[in-house]
Amino acid sequence: MGRLFGTDGIRGIAGEKLTCELAMEIGRAAAEVLSGLRRRPLFVIGKDTRMSSDMLECAIAAGLCSVGADVIFVGVVPTPAVAYLVGKYKADAGVMISASHNSAEFNGIKIFGGDGYKLADALEEQIEAIVLDDVPVRKPSVGTDLGKSSHAENAVLDYVNYLKTTVPNSLDGLHIAVDCANGSASATARKLFAELGAEAEILFDQPDGTNINDGCGSTHLEALKAYVVEHGLDAGIAFDGDADRCLCVDDKGREIDGDIIMAICAKDMKERGKLNHNTVVGTIMTNMGFMVFCEEEGLRFSATKVGDRYVLEEMLLEDYSFGGEQSGHLIFRDFATTGDGQLTAIQLLSMMARSKKKLSELGSIMEKYPQVMINVKVSPEGKIAFYTDPCVRAATERAKTELGKEGRIVIRVSGTEPLVRVMVEGRDLEKVQRVAEEAADAVRKSLA
């Protein structure tokens, strides 16, 4: 992780860590680093529904325009829409203002290059150096050399129309519920699913600036589960605040997480000859049951560090076409340069429509090992000390010994929050729970 950038952009409490002054400086630095060959570089700026998004949008745009960059505002859109629209509008870069699944007081800044991909570490470090180390940059523009802004009136339509081209069949006959998390999907989901033919009940699509991810979305599936069962629906779809991740609920009200969605889609892609090198890319957090599934299906599994950027790096390096995370960040590289929740949803629903199978049947394709995740809040100093703390290291080794070959433990620092995440999984849930709690206690005592 860098000094400003985490695993998914820059993130913090708006107005506290993430101020308009900082946002303006990031805009200026991004223009310096990402200008390409144009005299007047062009940036696309999108945002989610948080109250602070307007402030940060204006500040970033001011920073860009102050050094001669032009700006296209695309309004409230999902993060993957910005990645797509950068190419569509032939821009040099894109900026998305969102804190993803975090609560409303947080916000964030994600930056995409002109190719639609998230920035490489080296480019993020250049931006950090300009902002934090006073590295010299171009002089501010004056008069007619200042940048100008415009609004893309058809941004949502352009994005939705593209998504529709990625599925080979309609979703006719499917009756679903869609939880928009009072976030970015509120601007796109109703149109997308209706035009693909699904009968969609749209939930949590009334953002007020403060209710994003509040008891809804992919991190709070309880309401969606109840709604699907009560109304006898085929499936429930849940997005996070910026709609770059997707989790589902089957017709029996059970959660279908990113690992299960990956298994369903990977098997289908293999059968259709669409899975490059017969390989799926996941992370160290991918459930052990998925690895067993891959062995049984003759698939190769490649694991990376946690973060969809690392999944994508591996996919690009080895020319793989599909990968993702348990949290619902799935990347279909034939269609997108980043994780896209709505793209994931329509790929899965398209398969349901083609196969005429219930999601509960498709979801039984793999057995999930019991998994316990405990998030331990730690101090800033604790996040740094984590890497060398002997007590945490000793607790990890004890856990590995006790779990043996029937389980595993992963302890890692969150890239977006002041947390250390303790994950334990194995066949014996009682043992998994106990080992996880013991390890979490060791982290808490040493690093909190």
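Residues numbered from 1 in each chain as written. Predicted model: local features only at pLDDT ≥ 70, side-chain atom pairs only at ≥ 80, totals over all residues. Heavy atoms only, no water.

Peer 1: Describe the overall build of the protein chain, with residues and values.
Peer 2: Within the protein chain, the regular secondary structure consists of 15 helices and 19 strands. Over its C-alpha atoms the protein chain spans a radius of gyration of 22 Å, differing by no more than 12% from the 22 Å that the globule rule assigns to 448 residues. Dimensions of the protein chain, computed from the C-alpha atoms along their principal axes, are close to 70 × 55 × 40 Å. Burial analysis of the protein chain (448 residues in total) assigns 60% to the buried set. Within the protein chain, contacts between residues at least 6 apart in sequence are counted, and of these 71% link residues at least 24 apart. For the protein chain, the accessible area works out to roughly 18200 Å², and carbon and sulfur atoms hold 52% of it. Across the protein chain, the 50 positively charged side chains and the 67 negatively charged ones have centroids separated by 3 Å. (Helix = DSSP H or I, 4+ residues; strand = E, 2+ residues; numbered from the N terminus. Rg over C-alpha atoms; globule rule 2.2 N^0.38 Å. Buried < 20%, exposed > 50% of the residue type's maximum accessible area, 1.4 Å probe, protein only. Contact = heavy atoms within 4.5 Å. Areas by Shrake-Rupley, 256 points an atom, 1.4 Å probe, with all protein chains shown as cover. Lys, Arg positive; Asp, Glu negative; His and termini not counted. Charge placed at Lys NZ, Arg CZ, Asp CG, Glu CD.)

Peer 1: Tell me what's going on with the nonpolar core, and back it up with residues and numbers.
Peer 2: In terms of nonpolar packing, the biggest core is built from 69 residues, with F193 and F322 touching the most fellow members. Counting residues in hydrophobic clusters, the runner-up holds 33 residues, among them A61, L64, C65 and F73. (Core = buried A, V, L, I, M, F, W, Y, C linked by side-chain atoms within 4.5 Å.)

Peer 1: Describe helix α8 (residues 258-271), naming the residues involved and giving the relevant values.
Peer 2: Here α8 contains 14 residues, and its C-alpha end-to-end distance of 20 Å stays within 8% of the 20 Å for a straight helix at 1.5 Å per residue. Taken residue by residue, α8 has G258, D259, I260, I261, M262, A263, I264, C265, A266, D268 and M269 as its buried positions. For α8, the N-terminal capping position is held by D257, with its side-chain oxygen 3.1 Å away from the main-chain nitrogen of D259. Downstream of α8 by one or two residues, G273 has phi in the positive range, about 70°. (Expected span 1.5 Å × (residues − 1). Polar contact = N/O pair within 3.5 Å; in protein donor to acceptor, adjacent residues only side chain to side chain.)

Peer 1: Provide a residue-level description of the pairing of strand β11 (residues 246-249), including the pertinent values.
Peer 2: Side chains C246 and C248 project from β11 onto one buried face, and the interleaved L247 and V249 project onto a second face that is buried too. Here strand β10 (residues 235-239) pairs with β11 via four bridges, running antiparallel. When the bridges of β11 are listed, I237 appears paired with C248. Between β10 and the antiparallel strand that follows it, β11, lie six residues; A243 among them carries a positive phi value of about 60°. In this antiparallel pair of consecutive strands, β11 and strand β12 (residues 255-256), the connection spans five residues, and G253 shows a positive phi of 85°. (Pairing = 2+ DSSP bridges.)

Peer 1: Residues and numbers for the side chain of S53, please.
Peer 2: Here S53 is to be found in helix α2 (residues 53-66). Sequence-distant contacts of S53, defined by excluding residues within four places in its chain, comprise K47, D48, I97 and N107.

Peer 1: Before we move on, could you go through the pattern of salt bridges and cite the residues and values that matter?
Peer 2: Applying the stated criterion to the full structure yields 33 salt bridges. The closest approach of N and O atoms between R309 and E124, which form a salt bridge, is 3.1 Å. Here E124 lies in helix α4 (residues 121-133) and R309 lies in helix α10 (residues 308-318), a separation of 185 residues in the sequence. For R309, a relative accessible area of 8% puts it in the buried group. The partner of R427 in a salt bridge is E406, with the nearest N and O atoms 3.1 Å apart. Here E406 lies in the loop between α14 (390-403) and β18 (407-413) and R427 lies in the loop between β19 (419-426) and α15 (429-447), a separation of 21 residues in the sequence. A residue is classified by how much of its surface remains accessible, and R427, at 48% relative accessible area, is partly exposed. Judged by relative accessible area, which is 45%, E406 ranks as partly exposed. If you follow the salt bridges from partner to partner, you end up with D8, R11, K110, K118, D242, D244 and D308 in one network. (Salt bridge = Lys/Arg side-chain N within 4 Å of Asp/Glu carboxyl O.)

Peer 1: Lay out the sheet that holds strand β5 (residues 93-97) in plain terms, naming residues and giving numbers.
Peer 2: Spatially, seven strands are ordered β1-β2-β6-β5-β3-β4-β7 in an open sheet, and the strand pairing comes out mixed. This sheet does not close on itself; its edge strands, each paired only once, are β1 (5-6) and β7 (149-151). Bridging between strand β3 (residues 42-47) and strand β4 (residues 70-76) involves six bridges; their strand directions are parallel. When the bridges of β4 are listed, F43 appears paired with V71. In the packing of α2 onto the sheet, contacts are made with β3, β4, β5 and β6 (106-113), and the angle to β3 comes to roughly 175°. (Axes fitted to C-alpha atoms, helices over the stretch in contact; angles between N-to-C directions.)

Peer 1: Can you lay out the sheet that holds β12 for me, pointing to particular residues and giving the numbers?
Peer 2: Ordered by their spatial adjacency, five strands build an open sheet running β9-β8-β10-β11-β12, and the pairing between neighbours is mixed. Bordering the open sheet on either side are β9 (199-203) and β12, each of which pairs with just one other strand. Its contacts with the sheet place helix α7 (residues 222-230) against β8 (175-179), β9, β10, β11 and β12, and it is angled at close to 160° to β10. Across the face of the sheet, helix α11 (residues 341-355) comes into contact with β8, β10 and β11 while running at roughly 165° to β10.

Peer 1: Go over the packing of helix α1 (residues 20-34) against α2 with me, naming the residues and quoting the values.
Peer 2: In the contact formed by α1 and α2, the axes pass within 7 Å of each other and the chain directions differ by 40°. For the element pair α1 / α2, the angle class is oblique. For the element pair α1 and α2, the recorded crossing hand is right-handed. Residue-level contacts link C20, A23, M24, G27, R28 and A31 of α1 to M55, L56, A59, I60, A62, G63, L64 and S66 of α2. Taken together, the residues of the contact of α1 with α2 sort by class into 10 nonpolar, three polar and one charged. (Parallel < 35°, antiparallel > 145°, perpendicular 65-115°, else oblique. Left-handed = near helix turned anticlockwise from the far one by under 90°. Nonpolar A, V, L, I, M, F, W, Y, C, P; charged D, E, K, R; others polar.)

Peer 1: Which residues make up the packing of α8 against α11, and what values do they have?
Peer 2: It is the contact of α8 with α11, at a shortest axis distance of 11 Å, that shows an interaxial angle of 60°. One way to sum up the angle between α8 and α11 is to call them oblique. α11 is crossed by α8, and the crossing has left-handed handedness. For the pair α8 and α11, the contacting residues are I261, I264 and D268 in the first and T344, L348, M351 and R354 in the second. Of the residues in the contact of α8 with α11, the class split is four nonpolar, one polar and two charged.

Peer 1: Let's hear about the layout of surface pockets: which residues, and what values?
Peer 2: Within this model, the largest pocket holds a volume of roughly 1000 Å³. Sorting the residues of the lining of the largest pocket by element identifies α7 and β17 (371-377) as the ones contributing at least two each. Ranked by residue count, the leading element in the lining of the largest pocket is β17, at four residues. The space that makes up the second largest pocket amounts to roughly 490 Å³. (1 Å grid on protein atoms, 1.4 Å probe; cavity = no way out; pocket = protein on both sides within 12 Å on 5 of 7 lines; lining within 4 Å. Points joined across faces, edges and corners; volume = space filled by probe spheres on them.)

Keep in mind these numbers describe shape, not what the thing actually does.
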